[in-house]
Amino acid sequence: MPENHPLLHWYLPARRPADVDSLARTALAAESAGFDSLAIPAGGPDPWVLASALCRRTERIGFLVALPAEAARPTVIAQQADAFRRFAGGRLRLDVGAHGAGLTHDQRYGRTDEVMAVVRDLLDGRRIDFQGEHVQVEGAQLTDPAVEHPVPLYFGGESPAADGIAARRADVRLVRSAPPEAVAERVARTREQGAGERATRGDGSRLRYGIRLRVVGRAEASEAWDAAGRIPDDGRTGAGEDAVVGTYDEVARRLAAYRRAGIDEFILYGCPCPDEPARVAGEILPRLRALADAAVACGG
C-alpha cells in the first residue's frame, strides 16, 4: 500500500448473543473489500475465541483484538498473542485498554503501562525480570516465540498519563473522535509532548495515530441520513458525534481532512449489515485514495 494511504480496519459489532455465521459473512466481506483488519471489541464474546473462529473462515485479513489490561496476567496475554500469531501466520494487532475494577485512574494507567511493557518485551523474544508497582515477573520468556510476526500495540485515552504510555509503549495511539481541526491540535500537541518519551524506546519508530469513526455514505445525502437514522443505538454503533454522514464524495473529503490532521489509521463502522464493508470500500475508499494521490501530486 502506498505510504500516503491509511491502514483501514472494519469494526465488528460483536455483542451478545453473537451469531458467528453472520459475523463471518461480515468478516469475509471486509476481507474481499480490502480492509487490513477486523477490530474485535471487548465486552462481547471472548475476543480470542471470536478472532480464532473468524481466522479459520478467512485467509488474509488481520485482527485488531481489544483486551483490557486486567484480562489476564501479562505473561498469559503474551502467551495467547504468541500462539495466535503463530497459528494465524501473523495477522494480529493488540488494542490494550486501561481498565481495572476497584482501581483509581492513576492505578489503572500505571498497571496498563507495566502490562504493556511486559507484553512488548515477551513478544519481542526477550527474557525479562520486571518489578513494578502492579506487575512482578521473574525470569519470564516465551518458548520459541514467533518473532517473525511483530504485534503492533494500540492504546487510547485522553489524559496526560495516556500520552506518556502511548509514547513509551504503543505503536498506534487511538484518539477520541472529534472534528478534524480538534484532532489535528491533539495530534500535534501529544506528538510534541511525547517526543522525549518516544526517544527512550531507542528504535527510531514514529508513533502512528488512529481514530474510530462511523461512516454512512450514499449516492444522495438524504439517503445517507435516512440510513444513519435506522441504525440501532446500542451505545456504540448508533448515532453519535463520531458520525461521518453524507454523499460518497462528502464522506471521502471528511476522511481526507482527518488524514491531513495526522490520522494514519481508521477503524470504520457503519450500518450493521454484511454488505456495508463492500459499499464503503467500493464507493468511499477509492475517492479517499484519489484525494490522497492528488494531494501528493500537488505537493500537499
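Just so it is clear, the structure is predicted and the values come from calculations on it, not from any experiment.

A.B. asks: Even after reading the chapter, I still don't get helix H2 (residues 47–57), so can you show me in this structure?
C.D. replies: Count 3.6 residues to each turn of an α-helix, and residues three or four apart come out pointing the same way. Taken residue by residue, H2 has Pro47, Trp48, Leu50, Ala51, Leu54 and Cys55 as its buried positions. All buried residues of H2 lie within an arc of 160° about the axis, which places them on one face of the element. The exposed set on the far side of H2, more than 90 degrees from its buried face, consists of Val49 and Arg56. Packing partners of the buried residues in H2 comprise helix H1 (20–33), strand E2 (37–40), strand E3 (62–68), helix H3 (74–88) and strand E4 (92–97). The distance from a side-chain oxygen at the start of H2 to the backbone nitrogen of tryptophan 48 is 2.9 Å, and the residue carrying that oxygen is aspartate 46.

A.B. asks: What's the story with the pairing of strand E8 (residues 172–175) in this structure? I'm lost.
C.D. replies: Each regular strand shows side chains that alternate between the opposite faces of the sheet. Every second residue of E8 is oriented toward a common face, with Val172 and Leu174 on one face and Arg173 and Val175 on the other, all of them buried. Pairing of strand E7 (residues 153–155) with E8, which is carried by two bridges, proceeds in the parallel orientation. If you follow phenylalanine 155 over to E8, its bridge partner there is arginine 173. Each parallel crossover has a hand, and the one from E7 via helix H5 (residues 160–169) to E8 is right-handed. Sheet topology places E8 next to strand E9 (residues 208–218); four bridges connect them, and they run parallel.

A.B. asks: What is the right way to read the packing of H1 against H2 from this model?
C.D. replies: When two helices pack together, their arrangement is given by the angle between the helix axes and by the axis-to-axis distance. Two elements in contact, H1 and H2, have axes separated by 10 Å at closest approach and are oriented at 60°. Considered as vectors, H1 and H2 are oriented oblique to each other. Helix-helix and strand crossings are classified by hand; for H1 and H2 the assignment is right-handed. Contact with H1, carried on its side by Val20, Asp21, Leu23, Ala24, Ala27 and Leu28, involves Leu50, Ala53, Leu54 and Arg57 of H2 and no other residues of that element. Of the residues belonging to the contact of H1 with H2, the class tally is eight nonpolar, no polar and two charged.

Calculation notes
- Residues numbered from 1 in each chain as written.
- Predicted model: local features only at pLDDT ≥ 70, side-chain atom pairs only at ≥ 80, totals over all residues.
- Heavy atoms only, no water.
- Buried < 20%, exposed > 50% of the residue type's maximum accessible area, 1.4 Å probe, protein only.
- Helix = DSSP H or I, 4+ residues; strand = E, 2+ residues; numbered from the N terminus.
- Arc of directions from axis to C-beta.
- Contact = heavy atoms within 4.5 Å.
- Polar contact = N/O pair within 3.5 Å; in protein donor to acceptor, adjacent residues only side chain to side chain.
- Pairing = 2+ DSSP bridges.
- Right-handed = clockwise from strand over helix to strand, strands pointing away.
- Axes fitted to C-alpha atoms, helices over the stretch in contact; angles between N-to-C directions.
- Parallel < 35°, antiparallel > 145°, perpendicular 65-115°, else oblique.
- Left-handed = near helix turned anticlockwise from the far one by under 90°.
- Nonpolar A, V, L, I, M, F, W, Y, C, P; charged D, E, K, R; others polar.

The analysis is restricted to geometry; functional conclusions fall outside its scope.
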